[in-house]
Amino acid sequence: ANQFFFTDFRAYNIYLCLSDSQNGVSTLSFSPSGELLLTMCNNEMNSTIGVYKWRERRLLFTATLPGLGFYDCSFLSSDNSFGICGKDLVHFWTKSESHEPYRHCRGSTNLFPSQVQMTSIACVDGAVVTGSTSGALWLWEGRVLVKRVEVFRFPITKLFVSSAGLFVSTQDGTIHLLSKELALQHRLDPFSRSDSHDIETLCWDTNREKLLVGDSSNCLREMGLNSASKFVMGCHSTCHSALTDFTIDTLNDNIITVGEDGFVRKWDKDARVILQQHNLEGGLSCIAYDQGADQVAVGFCKSDNCCSSDKTDVAFVILCGNDLTNIIHHGHNSQKTLTVCKFSNDGKFVAFGAKDCSIYIHSTDKDFPLVAKARGHSAPILTFDFGCADDSPDSASFLRSNSINGEALYWSTHAKKQTPLSQRHTRWESQSCIYGWYLEGAHDLYAEENSTCITSCCPLSDSSIVVGDSSGRLRVLPNPAVSKDTVYLQFSIHHGKVQKIERCGDSLYTLGSDDSCLCMWKVSSLSWPPTMPPSLYDDHVIIDEKKEDQHLSVSFELATAQMEDLDFSTSHAEKTSSTHKPLRPWMRSIAPPSNYTNTAGSLPDGRLILERIHGYNGHNAKDNLHYISSGESIVYSVGKTLVRYDEEGDTQHFCSVEGRIKCLAIHQERSICAIGQENAEQGIVVVDLKTMNYMSLCKSTANGIHCLDFDESGRILLAVGGNRLTIYDVDNEVMIASTLTHATETLDVRFTSKANTLVEVGRNFVRLWFITGSDMRFEEVDMSTMQNVSCLGTFQCRFVVVAWSQSNALLFLSISQQHSTHASDG
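Residues numbered from 1 in each chain as written. Predicted model: local features only at pLDDT ≥ 70, side-chain atom pairs only at ≥ 80, totals over all residues. Heavy atoms only, no water.

## So, the overall build of the protein
Here is step 1 of the chain: Scanning the protein from N- to C-terminus turns up two helices and 67 strands.
Here is step 2 of the chain: Residue burial in the protein is summarised as follows: out of 826 residues, 56% are buried.
Here is step 3 of the chain: The long-range share in the protein, meaning contacts at least 24 apart out of those at least 6 apart in sequence, stands at 48%.
Here is step 4 of the chain: Accessible surface computed for the protein: about 35,900 Å², of which carbon and sulfur atoms make up 48%. (Helix = DSSP H or I, 4+ residues; strand = E, 2+ residues; numbered from the N terminus. Buried < 20%, exposed > 50% of the residue type's maximum accessible area, 1.4 Å probe, protein only. Contact = heavy atoms within 4.5 Å. Areas by Shrake-Rupley, 256 points an atom, 1.4 Å probe, with all protein chains shown as cover.)

This is the structure we're talking about:
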């Protein structure tokens, strides 16, 4: 149930209130003249329709129908007729004159007796057409059904009338364009054959002759009548369902993902389309791929409150890599969520880490029997690696594992504990464990930053490693990184922790836990200037004890200043020999390999270039999706990155900022974007959308900028952070005016078309602000009868739409600056 304010900016007045008692509005339809609005609302008992003459603030007609089986409503050929359809066929309301009341009549189907359900209704060139679950189209004259057109084999889900004709979507995911005579002209396939999405929204752009298709998986696709569907944007799964893990199909170079919605999906990473998907009907937590057998292991989520001890509960499944619908095996081990899974390189083992602090090691023989259960951690398993002994380099014999509380343990594949020193000759198949001797210096580096820690890692080469941290940053360091005083390259894309990093060929993939977006990076070699000294340190790693680092042999500032063309960071702290640093719990559980050579002072030889961000997350930033350049480009944010997607060339361009992006504001004519960040010290960044480079930086005095808006000139920017409203001159990077806002939370602020005037909304209040120089004053709009105002929108610089948690809609009309009106007067 929702309420909406519509505001005329020229007069600042509420000019309509549409109320629907306690029912939630499910369908809206304007009349052909635009003067009337038809609403259909459903609750648990019945359906209610209403007709409003919204400019005069009048409810003209309302009717209640028992039952819940009504799906669609629409005005027909004129303002004097409308219809609704559903399980109970079709109902019509008509009147001869505008001043007469509407008269109800049920559609007559005597000529075609049928119990079919009608799903959608539309009016095509004066003729009423309904679609049905049988796939047939039905034509009506008055209230009489006169013709049945058997066109489609699948149920019709949506009818959409446009200047191009009648678009009809069916349950098999196809769209058909029919002429006014209902002759089939085009068949459009927005999805691949493996998809099973329901089409929920259709929108036709007359100028560009493009069709926008929204489906049940929250994805948008754009297509022309004679062109293939183009994936515009989307996410792994349905709304509020996170992407939890991914793996790489190395045979076909595809990405396989799993999510909380229970779907496992295989993606073409270049075309960004779903090739296969299968619903396993349960939350999924982890995934791994075995190239040798072309098999996929998938682990399930279990509720933390679940107390079931049923050992028959499925904990994991093994799927065929070529056909994700083919389940090879249902597996049973832990009654808790599986957190990580991996195949050994020889394909003999598949292991699962779990929230019950154990690792379950299965053989890949028939029925995937449980070989051993490794118990010894005191916290859920974070990750693990398989390893091979020197005398059997192609056969997995050991594991090393990390828990979320910093434990590092070693095991045989039969779950027998091993000592760290006994593993110095082991060759590890992967390097995903973050608690190891090779990252000792990296942990020291993060310890000085206090607020962040390492959450994932992956080697780039034999001499470089990339780590992800809890603040969403990626750092490329030398491998091993044994000293905290090291040169590293830093990249900021995600917000929240970097959950997983995986390399495949020349590409690196990173997954953010909060934004649920997958970033694809190109790994390139990096050559440092020849003036860089071969070694900056004189360090030694000793197994038994940890020595204090020696002083630098050269001036670190002088050495790094010679690399002007590289974006890198350094960390250097003064050392005092009198300070004793206690060992971490995991320090006594690691040891360098037997073939270790001192590489202290080496530089990373690889760098990352962001190529693609797969996915779109609209939950963590405000106003974060915009068309620019007359619809040829889309601008949106992901984590700490501003993305410009160009339709021509199907390319993405990026601009990264220091903090998490909280909101955006676009000025179309100047082609600039203002970015509000989470922390005050990070300021407000203004970006040139043509070059995707910084244009200016406005210092902020408030934390958590959550509202931004440009005036018509694009030179004045308003910002709201906390309870402070600030006006900036973005060209000169100066603050013009600043004031405290309402005592309760401010949710949104916008400039109006009138110079130096803006409107502010918040929890149960609306204010009109007037700016004179650096002076700001406001006038209240009385909102005492409205509850839980939630947002503010503009349309063509004239109307404001304010939403809150009741079921009314209000429009403002003819209020002057000296006059206010009660919102309930309508």
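## Re the sheet that holds strand β52 (residues 651-656)
Here is step 1 of the chain: Taken in spatial order, the four strands line up as β49-β50-β51-β52 in an open sheet, and their pairing is antiparallel. Edge positions in the open sheet fall to β49 (625-628) and β52, since each of these has one partner strand only. For this sheet the average axis-to-axis angle between neighbouring strands, irrespective of direction, equals 25°.
Here is step 2 of the chain: Across four bridges, β49 lies against strand β50 (residues 633-638) in antiparallel orientation. Across the sheet, residue Tyr627 finds its bridge partner in β50, namely Ile634. (Pairing = 2+ DSSP bridges. Axes fitted to C-alpha atoms, helices over the stretch in contact; angles between N-to-C directions.)

## Examining unusual backbone geometry
Here is step 1 of the chain: The omega angle of the peptide bond from Asn479 to Pro480 is 10°, so this bond is cis rather than trans.
Here is step 2 of the chain: Structurally, the position occupied by Pro480 is in the loop between β42 (473-478) and β43 (487-492).
Here is step 3 of the chain: Positioned with a positive phi, Asp253 is a non-glycine residue whose angle comes to about 60°.
Here is step 4 of the chain: As for its placement among the helices and strands, Asp253 is situated in the loop between β23 (243-249) and β24 (254-259).
Here is step 5 of the chain: Residue classification places Asp253 among the partly exposed residues on the basis of a relative accessible area of 34%.
Here is step 6 of the chain: The phi angle at Ser671 is positive, at roughly 55°, despite the residue not being glycine.

## Thoughts on the sheet that holds strand β60 (residues 734-740)
Here is step 1 of the chain: With antiparallel pairing, four strands are arranged side by side in an open sheet as β57-β58-β59-β60. Taken across any chain shown, the strands that pair with only one partner, and hence form the sheet edges, are β57 (705-710) and β60. In this sheet, adjacent strand axes meet at a mean angle of 20° when their direction is disregarded.
Here is step 2 of the chain: As paired elements, β57 and strand β58 (residues 716-721) share five bridges and run antiparallel to each other. Following the sheet pairing, Leu708 is matched in β58 by Ala719.

## What about the pairing of strand β59 (residues 724-729)?
Here is step 1 of the chain: For β59, the buried fraction is high: five of the six residues fall into the buried class.
Here is step 2 of the chain: Across six bridges, β58 lies against β59 in antiparallel orientation. Looking at the pairing, Ala719 lines up with Thr726 of β59.
Here is step 3 of the chain: Between the antiparallel neighbours β58 and β59 lie two residues, among them Gly722 with a positive phi of about 65°.

## Concerning the packing of aromatic side chains
Here is step 1 of the chain: According to the stated counting rule, one finds 13 aromatic pairs in the structure shown.
Here is step 2 of the chain: Centroid distance Phe491 to Trp521: 5.7 Å. Interplanar angle 65°. Geometry classified as edge-to-face. Here Phe491, found in strand β43, pairs with Trp521, found in strand β46 (residues 518-525); they are 30 residues apart in sequence, far enough to count as distant.
Here is step 3 of the chain: Residue class for Phe491 comes out buried when judged on its relative accessible area of 14%. (Phe/Tyr/Trp six-rings, centres within 6.5 Å; stacked < 30°, edge-to-face > 60°.)

## Notes on the layout of surface pockets
Here is step 1 of the chain: Roughly 700 Å³ of volume is contained in the second largest pocket.
Here is step 2 of the chain: If you trace the second largest pocket, you find 29 residues lining it, with Gln431, Trp437, Asn479, Pro593 and Asn595 closest to the centre.
Here is step 3 of the chain: Of all the secondary-structure elements, those providing two or more residues to the lining of the second largest pocket are β39 (427-428) and β40 (454-461).
Here is step 4 of the chain: Classifying every residue of the lining of the second largest pocket gives 12 nonpolar, 12 polar and five charged. (1 Å grid on protein atoms, 1.4 Å probe; cavity = no way out; pocket = protein on both sides within 12 Å on 5 of 7 lines; lining within 4 Å. Points joined across faces, edges and corners; volume = space filled by probe spheres on them. Nonpolar A, V, L, I, M, F, W, Y, C, P; charged D, E, K, R; others polar.)

## Observations concerning the nonpolar core
Here is step 1 of the chain: With 28 residues, the main nonpolar core has Val466, Leu474, Leu508, Trp521, Leu608 and Ile613 as its most contacted residues.
Here is step 2 of the chain: Secondary-structure elements contributing two or more residues to this core are β40, β42, β43, β44 (498-504), β46, β48 (606-614), β50 and β51 (641-646).
Here is step 3 of the chain: Counting residues in hydrophobic clusters, the runner-up holds 23 residues, among them Ala408, Trp428, Ile434 and Leu445. (Core = buried A, V, L, I, M, F, W, Y, C linked by side-chain atoms within 4.5 Å.)

## A look at helix α1 (residues 440-447)
Note on helix geometry: an α-helix contains 3.6 residues per turn, so any two residues three or four positions apart are oriented the same way.
Here is step 1 of the chain: The element α1 is extensively covered by neighbouring structure, given that seven of its eight residues are classed as buried.
Here is step 2 of the chain: Within the span of α1, buried status applies to Glu440, Gly441, Ala442, His443, Asp444, Leu445 and Tyr446.
Here is step 3 of the chain: Lining the buried residues of α1 we find β40, β41 (464-469), β42 and β43.

## Points about the pattern of salt bridges
Here is step 1 of the chain: Within this structure, the stated rule accounts for 21 salt bridges.
Here is step 2 of the chain: A salt bridge links Lys342 to Asp385, with the shortest nitrogen-to-oxygen separation between them at 2.9 Å. Taken as a pair, Lys342 in strand β31 (residues 338-343) and Asp385 in strand β35 (residues 381-388) lie far apart in primary sequence, 43 residues in all. For the pair Lys342 and Asp385, a shared accessibility class is recorded, and that class is buried.
Here is step 3 of the chain: In this structure, a network of salt bridges that share partners links the residues Glu449, Asp469, Arg473 and Arg475. (Salt bridge = Lys/Arg side-chain N within 4 Å of Asp/Glu carboxyl O.)

## Description of the side chain of His377
Here is step 1 of the chain: Inspection of the secondary structure puts His377 in the loop between β34 (370-375) and β35.
Here is step 2 of the chain: At 2.7 Å, the side chain of His377 and the side chain of Ser401 are in polar contact.
Here is step 3 of the chain: One polar contact links His377 to Glu407, side chain to side chain, over a distance of 3.1 Å.
Here is step 4 of the chain: In this structure His377 touches Cys357, Ser401, Asn402, Ser403, Glu407, Leu409 and Trp411, once residues within four positions along its chain are discounted. (Polar contact = N/O pair within 3.5 Å; in protein donor to acceptor, adjacent residues only side chain to side chain.)

## What about the pairing of β51?
Here is step 1 of the chain: Burial analysis of β51 places six of its six residues in the buried class, the great majority of the element.
Here is step 2 of the chain: Taking every second residue as pointing to the same face, both faces of β51 are buried, with Thr641, Val643 and Tyr645 on one and Leu642, Arg644 and Asp646 on the other.
Here is step 3 of the chain: Hairpin connection between β50 and β51: a loop of two residues separates the two successive antiparallel strands, and Gly639 in this loop has a positive phi of roughly 60°.
Here is step 4 of the chain: As judged from the six bridges shared by β51 and β52, these two strands associate in the antiparallel manner. Bridge pairing in β52 links Leu642 to Cys655.

## Topic: the confidence of the model for the protein
Here is step 1 of the chain: Averaged over every residue, the pLDDT of the protein is 78; the share at 70 or more is 77%.
Here is step 2 of the chain: Below a pLDDT of 50 lies the segment residues 533-582, which in the model reaches 87 contacts outside its immediate sequence neighbourhood of four places, other chains included.
Here is step 3 of the chain: Note on residues 811-826: pLDDT under 50 across the span, and 53 contacts to partners over four residues away in sequence or across chains. (pLDDT = per-residue confidence, 0-100.)

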